[in-house]
Amino acid sequence: MASMRDIKRRKSSIQSTQQITKAMKLVSTVKLQKAKTHAEQTDPYFQYMYRTVTSILARSGSMDHPYLKDNGSDRTAIVVITSNRGLAGGYNSNITKLVQNSGIPANKVDLYTIGTKGKDTLERKGYKVVLDASDVIESPAYRDAMEICDKVLKDFTDGNIGQIYLAYTHFKNTVVHIPTLMKLLPVEFTEAEIDAADKNLIMNYEPNEREALDMIIPKYVTSIFYGALVEAVASENGARMQAMDSATSNAEDMISDLSLKYNRARQGSITQELTEIIAGAEAIS
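Residues numbered from 1 in each chain as written. Predicted model: local features only at pLDDT ≥ 70, side-chain atom pairs only at ≥ 80, totals over all residues. Heavy atoms only, no water.

## A look at the nonpolar core
Ranked by size, the top nonpolar core spans 51 residues in total, and within it Ile 81, Ile 114, Leu 166, Leu 184, Leu 185, Val 221 and Phe 225 carry the most contacts. For this core, the secondary structure elements donating two or more residues are helix 1 (4-60), strand 1 (76-81), strand 2 (109-114), helix 4 (142-157), strand 4 (163-171), strand 5 (177-185) and helix 6 (209-284). The residues contacting Phe 225, other than those within four sequence positions of it, are Val 79, Ala 145, Ile 148, Cys 149, Val 152, Leu 166 and Leu 184. By size, the runner-up hydrophobic cluster in this structure holds 11 residues, among which are Val 80, Leu 122, Tyr 127 and Ala 167. (Core = buried A, V, L, I, M, F, W, Y, C linked by side-chain atoms within 4.5 Å. Buried < 20%, exposed > 50% of the residue type's maximum accessible area, 1.4 Å probe, protein only. Helix = DSSP H or I, 4+ residues; strand = E, 2+ residues; numbered from the N terminus. Contact = heavy atoms within 4.5 Å.)

## Some details on the packing of helix 4 against helix 6
Interaxial distance between helix 4 and helix 6 falls to 8 Å at its minimum, and their mutual angle equals 125°. By the angle between their axes, helix 4 is oblique relative to helix 6. Between helix 4 and helix 6 lies a crossing whose hand is right-handed. Across the interface between the two elements, Tyr 142, Ala 145, Met 146, Ile 148, Cys 149, Val 152 and Leu 153 from helix 4 touch Pro 218, Lys 219, Val 221, Thr 222, Ser 223, Phe 225, Tyr 226 and Leu 229 from helix 6. For the contact of helix 4 with helix 6, a count of residues per class yields 12 nonpolar, 2 polar and 1 charged. (Axes fitted to C-alpha atoms, helices over the stretch in contact; angles between N-to-C directions. Parallel < 35°, antiparallel > 145°, perpendicular 65-115°, else oblique. Left-handed = near helix turned anticlockwise from the far one by under 90°. Nonpolar A, V, L, I, M, F, W, Y, C, P; charged D, E, K, R; others polar.)

## Here we look at helix 4
With 16 residues, helix 4 ought to run about 22 Å at 1.5 Å a step, and its terminal C-alpha atoms sit 22 Å apart, in line with that. Along helix 4, the positions that sit buried rather than exposed are Ala 145, Ile 148, Cys 149, Val 152, Leu 153, Asp 155 and Phe 156. Projection of helix 4 onto a plane perpendicular to its axis shows the buried side chains occupying an angular sector of 155°, all on one side. Against strand 1, strand 2, strand 4, strand 5 and helix 6 lie the buried residues of helix 4. (Expected span 1.5 Å × (residues − 1). Arc of directions from axis to C-beta.)

## Concerning the packing of aromatic side chains
For the coordinates displayed, the defined rule picks out 3 aromatic pairs. Between Phe 46 and Tyr 168, the ring centres sit 6.3 Å apart and the planes meet at 75°, which makes this aromatic pair edge-to-face. You can see Phe 46 sitting in helix 1 and its partner Tyr 168 sitting in strand 4, a full 122 residues away along the chain. Per residue, the accessibility class of Phe 46 equals that of Tyr 168, and both read buried. Seen in terms of ring centroids, Tyr 50 and Tyr 220 are 6.4 Å apart; in terms of plane orientation they differ by 25°. Their pairing is stacked. Pair noted here: Tyr 50 is in helix 1 and Tyr 220 is in helix 6, with a separation of 170 residues, a long-range link. Relative accessible area serves as the criterion here: at 22%, Tyr 50 is assigned to the partly exposed category. Exposure remark for Tyr 220: the relative accessible area of 0% places this residue in the buried category. (Phe/Tyr/Trp six-rings, centres within 6.5 Å; stacked < 30°, edge-to-face > 60°.)

So this is what it looks like as structure tokens:
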């Protein structure tokens, strides 16, 4: 059985850790409120842009445009959004597992990483990182999403990559965060989207298809990237708040258990001392 000194030292250590987890929970709660509001304001535009562009392209039929056709490359780009810090439960590991379980061979993937946690983990798993923009996740801005979009689309049109995916965490609410892998280019349509498209409705582009899509597709990809960044920040803070809340509760349970053990050890020590005193008194008499 551990000594009273060891139990007391262990209890003091856990109490110090509990103070840290409490503070981190409070910080994450404050950050979450701001990030949640931002995500909720951005999400309608994010979703509507996706639906609008896919609807336009579904009604347009086959078009000869660099963004919409197979360029012959067998490499796949995945933009991976994680965090720069840990202590957020399974937030980062869920995204890295999503990429690893995507069915795309690691030697055929080019990663565009936002967040050092995902970058470091996937590099150790043999994935190639062609762009690291981890500083972006600290305070995402639309311009940041635009710069990443320009780089990815340039690699696509140059034939360096043949497909573009986005791996991020969808923020549903404070406690529900869904790891999501979304294909951006070439655009694919679900059966529901194809059925919903009115084949008799002719899409006209002004001045022409190429110039219109040269403007629409980059804005579409940039909007998706920015929306994903905003949702990822909210998800990260929500996950960290939950993780720190659980850690604080666990520390409280451990402190209660150690207090019980300390009291038992103290009672045992007192009983032993009394026994020795009585035995000594009887020996003298």
